[in-house]
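Chains, contacts and geometry: an overview
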Amino acid sequence: MDPVQSLLTLAELPATDAHLAAADRELGRALLWVGQDYLARVSDEWDVELFFEVYNKPPSTGGWAQAIITGLEKRPDISADDRSEIVQSAQNRALPRLKDGADTP
């Protein structure tokens, strides 16, 4: 299942356009934070800064979370297990924020 859709399911929210946009925004924010934290542990400061520069702004067309996940998938230095852990940690971080803002996405 798509990580954004999965987050909506975890939050028990319907897949409306507004909720999908909110889930993408919150998961994108969480992926940015978790991804930087991961890179700070396994790489160097330049890698962390580059990751932030590339992904710190959501694309105007949406799909921020998927853009970050796709970027992580293209990195041979990040294992599939680590990518899964990054996404799961980001979902856990995004879930309460999505639920708190569910009435005003």
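Keep in mind that what you see is a predicted model, and the values were worked out from it rather than measured. (Residues numbered from 1 in each chain as written. Predicted model: local features only at pLDDT ≥ 70, side-chain atom pairs only at ≥ 80, totals over all residues. Heavy atoms only, no water.)

A tally of regular secondary structure across the chain gives 5 helices and 0 strands. Helices and strands appear in the chain in the N-to-C order α-α-α-α-α. A globule of 105 residues ought to have a C-alpha radius of gyration of about 13 Å, and the chain, at 13 Å, matches this closely. Judged by the C-alpha coordinates and their principal axes, the chain covers about 40 × 25 × 20 Å. Residue pairs at least 24 apart in sequence account for 62% of intrachain contacts in the chain once pairs closer than 6 positions are excluded. (Helix = DSSP H or I, 4+ residues; strand = E, 2+ residues; numbered from the N terminus. Rg over C-alpha atoms; globule rule 2.2 N^0.38 Å. Contact = heavy atoms within 4.5 Å.)

Look at helix α2 (residues 17–42) against helix α4 (residues 64–73): their axes get within 7 Å of each other, and the N-to-C directions meet at 35 degrees. Residue-level inspection shows Asp 24, Arg 25, Leu 27, Gly 28, Arg 29, Leu 31 and Leu 32 of α2 in contact with α4, the latter providing Trp 64, Ala 65, Gln 66, Ile 68 and Ile 69. Class assignment of the residues belonging to the contact of α2 with α4 gives a composition of 7 nonpolar, 2 polar and 3 charged. (Axes fitted to C-alpha atoms, helices over the stretch in contact; angles between N-to-C directions. Nonpolar A, V, L, I, M, F, W, Y, C, P; charged D, E, K, R; others polar.)

Turning next to the nonpolar core. Grouped together as the largest cluster of nonpolar side chains are 29 residues, with contacts concentrated most on Leu 7, Leu 27, Leu 31, Phe 51, Ile 68, Ile 86 and Leu 98. Breaking this core down by element, the ones donating at least two residues are α1 (3–11), α2, α3 (45–55), α4 and α5 (80–100). Here this core takes 9 residues from α2, the largest share from any one element. Contact partners of Leu 27, with chain neighbours within four places excluded, come to Pro 3, Val 4, Leu 7, Ala 65, Ala 90, Gln 91 and Ala 94. (Core = buried A, V, L, I, M, F, W, Y, C linked by side-chain atoms within 4.5 Å. Buried < 20%, exposed > 50% of the residue type's maximum accessible area, 1.4 Å probe, protein only.)

Looking now at unusual backbone geometry. Glycine aside, negative phi is the norm for most residues, and most peptide bonds take the trans geometry. Of note, Glu 12 is a non-glycine position whose phi angle comes to about 60 degrees, a positive value. Tracing the backbone through its elements, the reader meets Glu 12 in the loop between α1 and α2. We classify Glu 12 as exposed; its relative accessible area is 70%.

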